[in-house]
Amino acid sequence: MSLLKDAEGPGGGDAARPGDPHYNFAYLDEQTKRMIRRCLLKAIAVPGYQVPFGGREMPLAYGWGTGGMQVTAAVIGPEDVFKVIDQGADDTTNAVSIRRFFQRVTGVETTEKTGDATIIQTRHRIPETPLKADQIIVYQVPQPEPLRKLEPREGETRKLHAYSEYGLMQVRLYEDISQFGHIATTYSYPVMVNGRYITSPTPIPKFDNPKMDRMPALQLFGAGRERRIYAIPPYTSVKSLDFDDHPFEVQRWDKPCGLCGATDSYLDEVITDDKGGKMFVCSDTHYCEMRRAAGHAGPAYETAKAIDLVHDDEGADR
Amino acid sequence: MRPLGGDAVEGSSFGDPVFGAQTAFRAIMRAMALPGRVERLETDVSPPKGMGPASAAVLLTLCDLDTAVWFSDADSDAARFLRFFTDAPLVEAPGDADFGFVHPRGIFPALSRFKRGDDQYPDRSATLIVEVAGFEGGSPLSLTGPGIEDATVISPLGLPEDFWGQWSENHALYPCGVDLLFTCDVSVMGLPRSVRAALGEHEVA
């Protein structure tokens, strides 16, 4: 047993058996992992199809990523480097607690750097830095069934998928056009995977949809409460639904990121004072930090520094 | 079902069941996600007679008391090995199996005899572990589909002559159909039902 590693915190453990010795490696028992692994293989063989699985209780409330955690627990190994993001940020509550959980039960190395991670668990964003082959992205899925709001009965939606009966979804998008003049859906924008299944991309902004198409990384999806797993293998076609005269479009902003000046990333609105002041900043915190470290600065950078919104000097090594 | 105990079982399972299975699974998952690519399985499993290390590692990783397994020879050392280490029930009819193990010298039933899932539950289909004589040297096939960037050429050796005809039929049933894992020695190659195979190196259908 290495005392040095133990001193680093609960993620230590000895070299032969990493992680908290009170739990099996990665929390789940081996039989559960086997069940999830079998489901993952079937999910990969039928891209976009939702495989039912025996979802387990996790030490976290439903809706906080229990599905994603179970998928991660079934694939993660001691050699992995793990990153967790919540709405693009590494430092929000959900991301911090899931990262600490896996640090504790596996002892794996964690990172905020997208490029260094082998497994990225995400809630509602895809990192701006393009993912590479051999990386795995695990999505936390609140509602795996894209047709659920249109048809509440599971037996019926299952038939609609079985017969590729997807007219309902086109009607939903058309209703947007008839009411607003454009497709007003901005997140959970439905996609067609491998030309066969309409699939929920999870509540990522539609800005991220194009990144899913022919992505070199393996995409795994876990829905804990709904007990579904699905997958999109690398280089698989993922098309956002649209119409010939109303093609799919992503969000655009008039201004660049206030902190790093990026014009190609997804921006969040941040309130800066109680007098109506606000700015737009990258939702992907690592991407923003990386750009600032490389010398880019946005129009609000100096102000943000002055009011303590960014601490770039401390985290200079990012 | 056959009783445990009695004759000693040949071979041994993972030295460390947790990490052995995890490492093997990642290779199997990569193989399934990137069809046609040969993935090396780093494993310390020592298989019994009539089974390669990769096949043994795949079965030990995925099978347990919840999975019915079909063996071309149910009275073999390989079948006894799996029973002993996983408790998986053995079945006589291919149609009852969740996993099938096909040895190069064993019987290879028609793919259509295995479970292919149904329209509403295509996941309820069999996964076959097929040991081939080699990943090179057979007639070249061009694969296209999810997990393959453009097209990839494979030439597994030792498959039945009508195999690729059966495979087109299997692929035509998509999203239903069986999934295959070819194994040879310590390596594995995935062939999920989503993959289309065309004869000849240049023809991409």
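Placed above this text is the structure.
Throughout this description, residue numbers start from 1 for each chain and increase along the sequence as written. Ligands are numbered from 1 and chains lettered from A, in the order in which they are written. With pLDDT at 70 or above as the cut-off, local features in this predicted model cover only qualifying residues; side-chain atom pairs require 80 or more to be listed or tallied, and sums for whole chains, interfaces and linings still use all residues. Computation of side-chain values covers all heavy atoms of the structure but excludes hydrogens and water.

Visitor: Would you mind showing me how to read the overall build of chain A here?
Guide: Numbered from the N terminus, helices here are DSSP runs of H or I no shorter than four residues, and strands are runs of E no shorter than two. Along its length, chain A carries 9 helices and 12 strands. Restricting the calculation to C-alpha atoms gives the radius of gyration, and the globule rule supplies 2.2 Å times the number of residues raised to the power 0.38. A compact globule built from 318 residues would reach a C-alpha radius of gyration of about 20 Å, and chain A, at 21 Å, matches this within 12%. In terms of its C-alpha atoms, chain A occupies a principal-axis envelope of roughly 65 × 55 × 35 Å. A simple rule labels every residue: compare its accessible area, found with a 1.4 Å probe on the protein chains alone, to the largest value its type can have, and call it buried under 20%, exposed over 50%, or partly exposed in between. Burial statistics for chain A: of 318 residues in total, 55% are counted as buried. Counting contacts in chain A only where the partners sit at least 6 residues apart, residues at least 24 apart contribute 61% of the total. All accessible areas in this document rest on Shrake-Rupley with a 1.4 Å probe, and a residue is counted as covered only by the protein chains that are shown. Surface summary for chain A: the accessible area is close to 14000 Å², and the carbon and sulfur share equals 51%. Pairs of residues are marked as contacts when any of their non-hydrogen atoms sit within 4.5 Å.

Visitor: When you look at the sheet that holds strand β7 (residues 152-154) of chain B in this model, what are you seeing that I'm missing?
Guide: In sheet architecture, strand pairing relies on hydrogen bonds along the backbone and comes in two forms, parallel and antiparallel. Residues and elements named next belong to chain B. At least two bridges found by DSSP between two strands is the condition for calling them paired. The sheet built from 3 strands is open, its strands ordered β7-β6-β10 with antiparallel pairing. Across the chains shown, the open sheet's two edge strands, defined by having one partner strand only, are β7 and β10 (196-199). Each strand of the sheet is rotated relative to its neighbour by a mean of 35°, with strand direction disregarded. As paired elements, strand β6 (residues 141-144) and β10 share 4 bridges and run antiparallel to each other. If you follow Ser142 over to β10, its bridge partner there is Ala198. Each axis is a line fitted through C-alpha atoms, and for a helix only the stretch in contact is used; angles between axes span 0 to 180 degrees, taken between their N-to-C directions.

Visitor: Please clarify how the pattern of salt bridges should be interpreted in this entry.
Guide: Any carboxyl oxygen of Asp or Glu that lies within 4 Å of a side-chain nitrogen of Lys or Arg is treated as forming a salt bridge with it. Scanning the model with the defined rule gives 29 salt bridges over all chains in all. Residue A:Arg148 pairs with A:Glu154 through a salt bridge whose shortest N-O separation is 2.5 Å. Classification of A:Arg148 as buried rests on a relative accessible area of 18%. Across the salt bridge formed by B:Arg80 and B:Asp77, the nearest N and O atoms sit 3.1 Å from each other. Placement of the pair is B:Arg80 and B:Asp77 together in helix α3 (residues 77-86), with a separation of 3 residues, close to one helical turn.

Visitor: Looking at this structure, I do not really get the packing of aromatic side chains. What am I missing?
Guide: To describe a pair of aromatic rings, one takes the distance between the centres and the angle between the planes. All names here are of chain A. Two rings from Phe, Tyr or Trp (for Trp, the six-membered ring) form a pair when their centres are within 6.5 Å of each other. A pair whose planes differ by under 30 degrees is stacked, one over 60 is edge-to-face, and the rest are tilted. All chains considered together, the criterion is met by 20 aromatic pairs over all chains. With a centroid separation of 5.7 Å and an interplanar angle of 70°, the aromatic rings of Phe207 and Trp253 are classed as edge-to-face. Of this pair, Phe207 sits in the loop between β7 (197-199) and α7 (209-212) while Trp253 sits in the loop between β10 (238-240) and β11 (267-271), and the two are 46 residues apart along the sequence. Look at Phe207 and you get buried, because its relative accessible area is 9%. With a relative accessible area of 27%, Trp253 lands in the partly exposed category.

Visitor: For this particular structure, what's the right way to read the interface of chain A and chain B?
Guide: Interfaces are often described in size by the accessible area the parts lose on coming together. Each side of the interface is counted separately: chain A has 43 residues, and chain B has 41 residues. By buried area we mean how much accessible surface two parts lose on assembly, using a 1.4 Å probe and totalling the loss over both. Summing both sides of the interface, chain A and chain B together bury roughly 3400 Å²; the carbon and sulfur share of this comes to 62%. Put simply, chain A and chain B have 5 salt bridges between them. Across the pair A:Lys42 and B:Asp179 runs a salt bridge whose closest N-O atoms are separated by 2.8 Å. Counted as a polar contact is a pair of N or O atoms within 3.5 Å, where, for protein atoms, one must be capable of donating a hydrogen and the other of accepting one, and residues adjacent in sequence contribute only when both atoms are in side chains. Where chain A touches chain B, the interface holds 19 residue pairs in polar contact (both at pLDDT 80 or more).

Visitor: I keep staring at the environment of A:His286 and nothing clicks. Help me out?
Guide: Residue and element names in this part refer to chain A. Counting through the fold element by element, His286 comes out in helix α8 (residues 285-293). Accessibility expressed as a relative area gives 5% for His286, which makes it buried. C-alpha of His286 to C-alpha of Gln170: the two residues are 116 residues apart in sequence and 36 Å apart in space. For His286, the contacting residues outside a window of four places in its chain are Lys83, Asp90, Glu112, Lys113 and Thr114. At 3.4 Å, the side chain of His286 and the side chain of Thr114 are in polar contact.

Visitor: What's the story with empty space enclosed by the protein in this structure? I'm lost.
Guide: One way to see where empty space is left: roll a probe the size of a water molecule over the atoms. Residue and element names in this part refer to chain A. A pocket, in this scheme, is an open set of points on a 1 Å grid over the protein atoms alone with protein on both sides within 12 Å along at least 5 of 7 lines, while a cavity is a set where a 1.4 Å probe fits but cannot get out; residues line either one if an atom lies within 4 Å of a point. Grid points are joined across faces, edges and corners, and a volume is the space filled by probe spheres set on the points. Here the structure, examined in full by the defined rule, presents 2 cavities of 30 Å³ or more. Quantified by volume, the largest cavity comes out at close to 100 Å³. What lines the largest cavity is a set of 13 residues, among which Tyr49, Gln50, Glu145, Arg158 and His161 lie closest to the centre. Within the residue set of the lining of the largest cavity, elements represented by two or more residues are α5 (154-162) and β7. Of the residues forming the lining of the largest cavity, the biggest block, 4 residues, is contributed by α5.

Visitor: I'm lost on the packing of helix α2 (residues 30-45) of chain A against helix α2 (residues 53-62) of chain B in this one. Help?
Guide: Two quantities define a packed helix pair, namely the angle between the helix axes and the distance between the axes. Contact pair α2(A) / α2(B): the axes reach a minimum separation of 8 Å and the direction vectors enclose 115°. In terms of orientation, α2(A) and α2(B) fall into the roughly perpendicular class. For the pair formed by α2(A) and α2(B), the contact residues are A:Arg34, A:Arg37, A:Arg38 and A:Leu41 on the first element and B:Leu60, B:Thr61 and B:Leu62 on the second. Roughly parallel covers angles under 35 degrees, roughly antiparallel covers those over 145, roughly perpendicular covers 65 to 115, and oblique covers all other angles.

Visitor: Please explain the nonpolar core as it appears in this structure.
Guide: Looking at soluble globular proteins, one finds that nonpolar side chains tend to be buried together. Counting 89 residues, the largest nonpolar core has A:Leu40, A:Leu220, B:Met29 and B:Phe71 as the members making the most contacts within it. The dominant element in this core, judged by the number of residues it contributes, is helix α1 (residues 17-33) of chain B, at 11 residues. If we ignore the near neighbours within four places in the chain, the residues touching A:Leu220 are A:Leu40, A:Ile44, A:Val71, A:Val75, A:Ile136, A:Ile137, A:Val138, A:Tyr139, A:Tyr230, A:Ala231 and B:Met29. By nonpolar core is meant a set of buried Ala, Val, Leu, Ile, Met, Phe, Trp, Tyr and Cys residues that side-chain atoms within 4.5 Å join together.

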